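Residues per chain, in single letters:
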Amino acid sequence: MKLITPSFGLIFWMLIGFGILFFILAKFAWPVITKMINEREQFIQQQLTEAETVRQEMKNLKSEHQQLLVEAKDERDKILADARKMIAKMNDEAKIRQEKETDIMMLETRKAIENEKMKAITDIKNEIANLSIEVAEKILREELKDSSRQEEIIQKWVEDIKI
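Quick look at the structure, then. Given the structure is predicted, the values throughout are model-derived calculations rather than measurements. (Residues numbered from 1 in each chain as written. Predicted model: local features only at pLDDT ≥ 70, side-chain atom pairs only at ≥ 80, totals over all residues. Heavy atoms only, no water.)

Description of the overall build of the chain
Stage number 1. In terms of helices and strands, the chain carries 2 helices and 0 strands.
Stage number 2. Rg of the C-alpha trace for the chain: 65 Å, well past the compact-globule value of 15 Å for 163 residues, more than 25% over.
Stage number 3. If you line up the chain on its principal axes, its C-alpha atoms span 200 × 35 × 25 Å.
Stage number 4. Relative to its full complement of 163 residues, the chain shows a buried share of 1%.
Stage number 5. Total accessible area computed for the chain in this model is approximately 15,700 Å², and 64% of it derives from carbon and sulfur atoms.
Stage number 6. Computed over 27 positive and 30 negative side-chain charges, the separation of the two mean positions in the chain equals 14 Å. (Helix = DSSP H or I, 4+ residues; strand = E, 2+ residues; numbered from the N terminus. Rg over C-alpha atoms; globule rule 2.2 N^0.38 Å. Buried < 20%, exposed > 50% of the residue type's maximum accessible area, 1.4 Å probe, protein only. Areas by Shrake-Rupley, 256 points an atom, 1.4 Å probe, with all protein chains shown as cover. Lys, Arg positive; Asp, Glu negative; His and termini not counted. Charge placed at Lys NZ, Arg CZ, Asp CG, Glu CD.)

Take a look at the structure:
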């Protein structure tokens, strides 16, 4: 039973050893240990605060990024809409210009056709007049070969003039 129940001397020396150890630890080790624990706690708290700040900044950057993305898409859509309007306007202007040019060309073509028609009619009239004169000339030559016939025709013309 001696092992289970220690003697008074053993307990006394154990208490003195424990007291000295406690005093040394309390005087020299615990302040350093508590200081290190406090510094570590402050460091961890500072890191957590910085992490929270960084997280908030990332959240803000993400929302700014989303906003910039939306603005860029809106700007792109606006530019595309403006380009479509400009293309439509240019197409309309080209179509109107082409119609005007076509109308001018058609008018000029009609004038040219009319001029050619009048020229052809004039040429035909001149040709008919020349042919008529030639025919009349040939007929008169045939009729007037004979001098008695010439006198007879002249007499007839004179009588027609008197009436």
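Here's the deal with a nonpolar patch on the surface
Stage number 1. A cluster of nonpolar side chains, F8, F12, W13, I16, I20, F23, I24 and F28, forms an exposed patch at the surface whose accessible area comes to about 940 Å².
Stage number 2. As for its position among the elements, W13 is in helix α1 (residues 8-143). (Patch = residues over 30% accessible without salt bridge, like charges linked within 9 Å, V, L, I, M, F, W, Y side chains within 5 Å. Salt bridge = Lys/Arg side-chain N within 4 Å of Asp/Glu carboxyl O.)

Some points on a negative patch on the surface
Stage number 1. Together, E71, D74, E75 and D82 give the surface a local cluster of negative charge.
Stage number 2. Inspection of the secondary structure assignment puts E71 in helix α1.
Stage number 3. Taking the relative accessible area as the measure of exposure, E71 reaches 42% and is therefore partly exposed.

Here's the deal with α1
Count 3.6 residues to each turn of an α-helix, and residues three or four apart come out pointing the same way.
Stage number 1. Over its 136 residues, α1 extends 190 Å from the first C-alpha to the last, a length consistent with the 202 Å expected when each residue adds 1.5 Å.
Stage number 2. Remark: the principal bend of α1, roughly 45°, maps to A29, with a proline, P31, within the next four residues. (Expected span 1.5 Å × (residues − 1). Bend = angle between axes of the 7 residues up to and from the residue.)

Quick word on the packing of aromatic side chains
Stage number 1. Tallied over the entire structure, the rule returns 3 aromatic pairs.
Stage number 2. Ring centres 5.0 Å apart and planes at 80° place the aromatic pair F22 and W30 in the edge-to-face group.
Stage number 3. Take W30: its relative accessible area is 38%, and that puts it in the partly exposed class.
Stage number 4. Joined through ring pairs, the aromatic side chains of F18, F22 and W30 make up one cluster. (Phe/Tyr/Trp six-rings, centres within 6.5 Å; stacked < 30°, edge-to-face > 60°.)

Regarding the environment of K95
Stage number 1. Within the secondary structure, K95 is located in helix α1.
Stage number 2. With 32 residues separating them along the chain, K95 and S63 place their C-alpha atoms 47 Å apart.

Observations concerning the pattern of salt bridges
Pairing is possible between side chains of opposite charge, provided their charged atoms come close.
Stage number 1. What the rule picks out here adds up to 2 salt bridges.
Stage number 2. For R55, the salt bridge identified is with E52, shortest N-O distance 2.0 Å. Of the two residues, R55 and E52 both sit in helix α1, 3 residues apart, roughly one turn of that helix.
Stage number 3. Taking the relative accessible area as the measure of exposure, E52 reaches 33% and is therefore partly exposed.

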